[in-house]
Amino acid sequence: MANAIDPHSDENDDKGIGTAPLRRTPQGLRWFIYVRVSTAREVMVSPDIQEFACRRLVERENGTVVQVVADLDLSGADFAHRKINWMIDQIRQGHADGVVLYTWDRFGRNFLESRARLRELEEDAGGVARAATEDVDASTDWGAYNRDQLLLLAELRRKQISKNWKDAQEQRKRTGLPHSGRVVFGYRTCLDCPPRGQCGPCAAKGPGRHCRSCPAQQRCERCADRVLVPDPAIAPAYLKMYERVVSGEPLDRLAKEMQERGIRSTFGRKITGSGWLSILDSGFAAGLCRYHSEQQRIDARKEGRSLSSNSAPWAYDIWLQGNHEPIVSQDFFWNQYVPWRRERHSAAKPQPGKTHLLTGLVFCAHCGQRCRAGVDHLRGGGNYAHMRCGSALRFRGVCPGTSVAMHTLEHKIHDWLPAQAAAGPVSRRPVSQEQDDRQGRMLERLSSELAKEQQALVRLLDLYEDPDGGLSKEDYLQRKANREARAEVIREGVRHLKEQLSHAAPPSAEIFESLARQWERADLPQLRPLLMQVVAKILVRQGSRWDTDRVLIVPTWADEAVLVAEWRTRWPDNARAVDARVDTSEIYPWRGHELI
């Protein structure tokens, strides 16, 4: 899939997508080739096979391929994160004439949602949809009927796959196995059988992953039942983590110690403190398997919240005894760890007014990670607030880290504001008018899409409340969740574009004067919105904590790359040496390799 292009990438500008409409060729229509492979692997047709069949249809029709659009590892039941809506919008703007796909189930496996998108593509956008291996003339009544039957079959296959997966999970529940077939951290399938994933492509994918061509894993009689056994290299450290966190040792410090000892996740990544918290919360090391009940899932869908975002023990209402050997006792887990976890959860709740003025604006100049606020101690007694590199806090050996006193940053900004106000009107950030116009058009389109989603939610509710609407509660909740998920993605895009457009405009001198005047007495809610209009980012390099020359303020109207390049020319040798020691590959061991 070398020619599959992300529609959100700037590379599309070179191909005319999103800029000027492409003209219809004399020979035929202009087509998007749409390729999709689901994580469920329901038909697992290679993307190359799908593209080849689609290109044959385009050639047969004397058409032109505008772009190959790929949705890899995305389910056909969910339209919120796929590029279907983007292609419809491109067709509406005149950049293409239609979409061709391998089979109709590649378009979607939700009949109602698929019909709605096809109606929008054909009637609203004036486009055409074709399937290379299931080519029917949908402009006729009989052809539209046949296409609907194919879409219904696609939805039926999805439901059958879902039912088979649920049945498999129920079987694993009854036999005391974890709900998925993956190896769990701290455990192995067998201590004798060699693991799968020893070829070259597997090494490129990273630890814990394997390619389809890799030989099947060997199974002895002892491990054929898939009951996991503790990994002797990890189990002792696993037990110590439980005991030491309950005794009061800092979790982040323990996580760094485990990183130094070479303890990695099943995918070979370094484990942070929050990562260890999720592992300990699972209770798997206590011989337990946890699940969400169906009622809990229904309640979560009604409230619009995700169950996967909370790993705490009290977030699960079903705990079953597993067949695997425990590493820690259940008595210790329930009577010591869970109370400690509740106490930590209560103490971690943010208190009103504790957010600092510069939170989210300060970044490490060496690794690019956001700096976090903390408290340090003075030798003569007392405390002071400071910002420290997030990589240095969470990982050992990734970045040497940088730390700067909070009042040093505040003094730097306080001295910077009058200088900017005295300099007079600031020049506009070097952004082309074409880019501004494109962002404006995109903002207008996203606002229109958001209004459509809100109207669709109202119509969906009317259809559900109508006795003759034919929409069950389960279908309503599922479709509502899909609509709300897409609406949230659009809202995020609108917020991002508005922020870019506001930053592109030069701020007035009154903003600087107001900031300088209110700096000492203004409350955080009043001062922070003004500050974010003039400060895009604050970069800090390693050096003396009290040195203001190690701080670079990036204004919202300036070109960050130019400022940083000039700033780095004035770095001392010790700061340059820090860059040579930064190694983020330890966080993602397989980053930079081509995934096969």
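Residues numbered from 1 in each chain as written. Predicted model: local features only at pLDDT ≥ 70, side-chain atom pairs only at ≥ 80, totals over all residues. Heavy atoms only, no water.

1. Description of the confidence of the model for the protein chain
Line of reasoning, step 1. Per-residue pLDDT for the protein chain has a mean of 76; in total, 73% of the residues score no lower than 70.
Line of reasoning, step 2. The spread of mean pLDDT over the elements of the protein chain runs between helix α6 (residues 200-205), the lowest at 54, and strand β3 (residues 98-101), the highest at 94.
Line of reasoning, step 3. This stretch, residues 1-26, has a pLDDT under 50; its non-local contacts, to residues over four places away or in other chains, come to 54 contacts. (pLDDT = per-residue confidence, 0-100. Helix = DSSP H or I, 4+ residues; strand = E, 2+ residues; numbered from the N terminus. Contact = heavy atoms within 4.5 Å.)

2. Concerning the sheet that holds strand β4 (residues 128-131)
Line of reasoning, step 1. Taken in spatial order, the four strands of this open sheet run β2-β1-β3-β4, and their pairing is parallel. Two strands in the sheet have a free side with no partner beyond their single neighbour: β2 (64-72) and β4. Averaged over all neighbouring strand pairs, the angle between strand axes comes to 25°, with direction disregarded.
Line of reasoning, step 2. Across the sheet, helix α2 (residues 84-92) touches β1 (30-37), β2 and β3, and the angle it forms with β1 is around 175°. (Pairing = 2+ DSSP bridges. Axes fitted to C-alpha atoms, helices over the stretch in contact; angles between N-to-C directions.)

3. Topic: the packing of helix α7 (residues 235-246) against helix α8 (residues 251-260)
Think of two packed helices as two axes; the pair is described by the angle between the axes and how far apart they sit.
Line of reasoning, step 1. Contact pair α7 / α8: the axes reach a minimum separation of 11 Å and the direction vectors enclose 160°. In this view, α7 runs roughly antiparallel relative to α8, as classed from their interaxial angle. The element α7 and its partner α8 pack so that their crossing is right-handed. Of α8, the residues touching α7 (which contributes Ala237, Met241, Arg244 and Val245) are Leu251, Leu254, Glu257 and Met258.
Line of reasoning, step 2. Residues belonging to the contact of α7 with α8 are distributed by class as follows: six nonpolar, no polar and two charged. (Parallel < 35°, antiparallel > 145°, perpendicular 65-115°, else oblique. Left-handed = near helix turned anticlockwise from the far one by under 90°. Nonpolar A, V, L, I, M, F, W, Y, C, P; charged D, E, K, R; others polar.)

4. Re the pattern of salt bridges
Line of reasoning, step 1. For the structure on display, the rule yields 20 salt bridges.
Line of reasoning, step 2. Between Asp167 and Lys163 there is a salt bridge whose closest N-O contact spans 3.0 Å. Residue Asp167 and its partner Lys163 are both found in helix α5 (residues 141-174); the two are separated by four residues, about one turn of the helix.
Line of reasoning, step 3. Judged by relative accessible area, Asp167 falls into the partly exposed class, the value being 36%.
Line of reasoning, step 4. The class for Lys163 is exposed, based on a relative accessible area of 53%. (Salt bridge = Lys/Arg side-chain N within 4 Å of Asp/Glu carboxyl O. Buried < 20%, exposed > 50% of the residue type's maximum accessible area, 1.4 Å probe, protein only.)

5. What to know about the sheet that holds strand β14 (residues 551-555)
Line of reasoning, step 1. Strand order in the open sheet made by the three strands is β9-β13-β14, with mixed pairing throughout. What marks the edges here is a single partner per strand, and that holds for β9 (362-364) and β14. Put simply, the sheet's adjacent strands are angled 30° from each other on average, direction ignored.
Line of reasoning, step 2. In this structure, β9 lies alongside strand β13 (residues 535-540), joined through three bridges in parallel fashion. The residue bridging Phe363 from the neighbouring strand is Leu539, located in β13.
Line of reasoning, step 3. Along the sheet face, helix α18 (residues 560-568) touches β13 and β14 and points at about 160° away from the line of β14.

6. Some details on the packing of aromatic side chains
Line of reasoning, step 1. On inspection of all chains with the given rule, the structure shows 18 aromatic pairs.
Line of reasoning, step 2. When the centroid spacing of 5.6 Å and the interplanar angle of 50° are considered together, the rings of Phe32 and Trp86 count as tilted. Within this pair, whereas Phe32 is found in strand β1, its partner Trp86 is found in helix α2, the two being separated by 54 residues in sequence. Across the pair, exposure class does not vary: Phe32 and Trp86 are buried alike.
Line of reasoning, step 3. With centroids separated by 5.3 Å and ring planes inclined at 85°, the aromatic side chains of Trp567 and Trp571 adopt a geometry described as edge-to-face.
Line of reasoning, step 4. On the basis of relative accessible area, Trp571 is assigned to the buried category, the value being 5%. (Phe/Tyr/Trp six-rings, centres within 6.5 Å; stacked < 30°, edge-to-face > 60°.)

7. Looking at the packing of α8 against helix α9 (residues 273-281)
Line of reasoning, step 1. Relative to each other, α8 and α9 sit at 95°, their axes nearing to 8 Å. With respect to α9, the element α8 is oriented roughly perpendicular. The residues of α9 that touch α8, namely those facing Leu251, Asp252, Ala255 and Met258, are Gly273, Trp276 and Leu277.
Line of reasoning, step 2. Here the residues of the contact of α8 with α9 sort into five nonpolar, one polar and one charged.

8. What to know about the environment of Arg226
Line of reasoning, step 1. By the secondary structure assignment, Arg226 is in the loop between α6 and β6 (229-230).
Line of reasoning, step 2. In this structure Arg226 comes out as partly exposed when scored by relative accessible area, which is 25%.
Line of reasoning, step 3. Residues Arg226 and Pro178 lie 48 residues apart in sequence; the distance between their C-alpha atoms is 10.0 Å.

9. Here's the deal with helix α11 (residues 330-347)
Line of reasoning, step 1. Across its 18 residues, α11 extends 25 Å between first and last C-alpha, which sits within 8% of the 26 Å expected from 1.5 Å per residue.
Line of reasoning, step 2. When the local axis directions of α11 are compared, the greatest deviation, roughly 30°, occurs at Tyr337, which is followed within four positions by the proline Pro339.
Line of reasoning, step 3. Buried within α11 we find Phe332, Phe333, Tyr337, Val338, Trp340 and Arg341.
Line of reasoning, step 4. The elements touched by buried residues of α11 are α7, α9, β7 (288-291) and β8 (318-321). (Expected span 1.5 Å × (residues − 1). Bend = angle between axes of the 7 residues up to and from the residue.)

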